[in-house]
Amino acid sequence: MTQHDSPSLPAHRPGASRQAPEAPDDTSPSCTTRPWMPALLYTLGFLTVYLLAICTPWGQRAENPWFYLGIQGGEAAWIYPLSGSVYGSTPLPPLELSAKPTVMAGLVVIVLLTLVRRCWRQGFAALGVAILAIGAKEVFKSTVPRPDLVGAPENLLDQGFPSGHTVIPAALTLAAVLVVSPRIRPYVATAGVLWLACIAAATATMGGHRPSEVLGATLLACACYGLATWLLPPAAAPGATRSPRALHVIALALALIVALVSGARPDTLTRSLVSAATAFICAALVWYAAVGRPARTARRTRPALD
């Protein structure tokens, strides 16, 4: 009898047909390097908002009527009872007199996280982001006047750019992102952007600031964060955060809902929607700066048929 040779079979590689190529580790030095372009773009955005909204006649004409939409004052806003303006009420941080205590509490939390995690470089960078953003707001408001280009009433000539109440949650959120563990970073950023969306919408809808002043404060905080991450060594800079794609959608959807509720007024739809839209843009800017784009998932490849 003759034996028939069976066709040769390809060598079997365990897991070769089922596993996709592994994605590069986000914690490698090459992935943690942050470019200088975000800091420059946020700074240019801050200056552009200031020049267009404050230093042009048409920018002032567009925003000065903001305070006359609906009933003057913030009493008509849904969030007014939480603003601290009501006698004996507790303000929602950092509104009214709670601004300074909120800043101090935020700095203490950053220091404690730095001591617990022993992340000295990130801790100093986080303190720098918070102090620089809040300090730059104070310097800018006190040294750069608001020109009167349209003959506005005297009560509209006070320099309110950028918004101090808005820069606090934006700066503290970005500072906290630097010192927390990468695993919980997206969730800390989610809580921060919800806080920012609430305060930004409330500040705008109650007449404390114009939309440009709220947006400028957020861009200032993002610029300081971009500068800090650029100056950090590659090994210490926060890399691209691995977070579920659904979390990006959920966080921004919740931020939009919070912005709509916090900016709602029954007396003017325009003021409500513009306040909510401004607050949502602020939340999206901080989210993108802190977390970035959602990570792409590896595609599954079918085994090749021989």
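Residues numbered from 1 in each chain as written. Predicted model: local features only at pLDDT ≥ 70, side-chain atom pairs only at ≥ 80, totals over all residues. Heavy atoms only, no water.

Peer 1: Explain the overall build of the protein residue by residue, including any values.
Peer 2: Assigned secondary structure in the protein consists of 10 helices and zero strands. In sequence order, the secondary structure elements of the protein are arranged as α-α-α-α-α-α-α-α-α-α. When the 306 residues of the protein are sorted by exposure, 45% land in the buried category. Residue pairs at least 24 apart in sequence account for 81% of intrachain contacts in the protein once pairs closer than 6 positions are excluded. About 17,000 Å² of surface is accessible on the protein, with carbon and sulfur atoms providing 66% of the total. (Helix = DSSP H or I, 4+ residues; strand = E, 2+ residues; numbered from the N terminus. Buried < 20%, exposed > 50% of the residue type's maximum accessible area, 1.4 Å probe, protein only. Contact = heavy atoms within 4.5 Å. Areas by Shrake-Rupley, 256 points an atom, 1.4 Å probe, with all protein chains shown as cover.)

Peer 1: How would you summarise the confidence of the model for the protein if you had to cite specific residues and measurements?
Peer 2: Per-residue confidence for the protein averages 85 on the pLDDT scale, and 83% of its residues sit at or above 70. In the predicted structure, residues 1–33 sits below a pLDDT of 50 and forms 26 contacts with residues beyond four places in sequence or in another chain. Scored below 50 in pLDDT, residues 295–306 makes eight contacts in the model with residues more than four places away or belonging to other chains. (pLDDT = per-residue confidence, 0-100.)

Peer 1: Go over unusual backbone geometry with me, naming the residues and quoting the values.
Peer 2: Following Pro93, the chain continues to Pro94 via a peptide bond in cis, the omega torsion being 5 degrees. Along the chain, Phe161 connects to Pro162 via a cis peptide bond; the corresponding omega equals -5 degrees. Even without being glycine, Glu96 reaches a positive phi, approximately 55 degrees. As for its placement among the helices and strands, Glu96 is situated in the loop between α3 (57–63) and α4 (99–117). The class for Glu96 is partly exposed, based on a relative accessible area of 41%. Even without a glycine there, the phi angle at Arg118 is positive, about 55 degrees.

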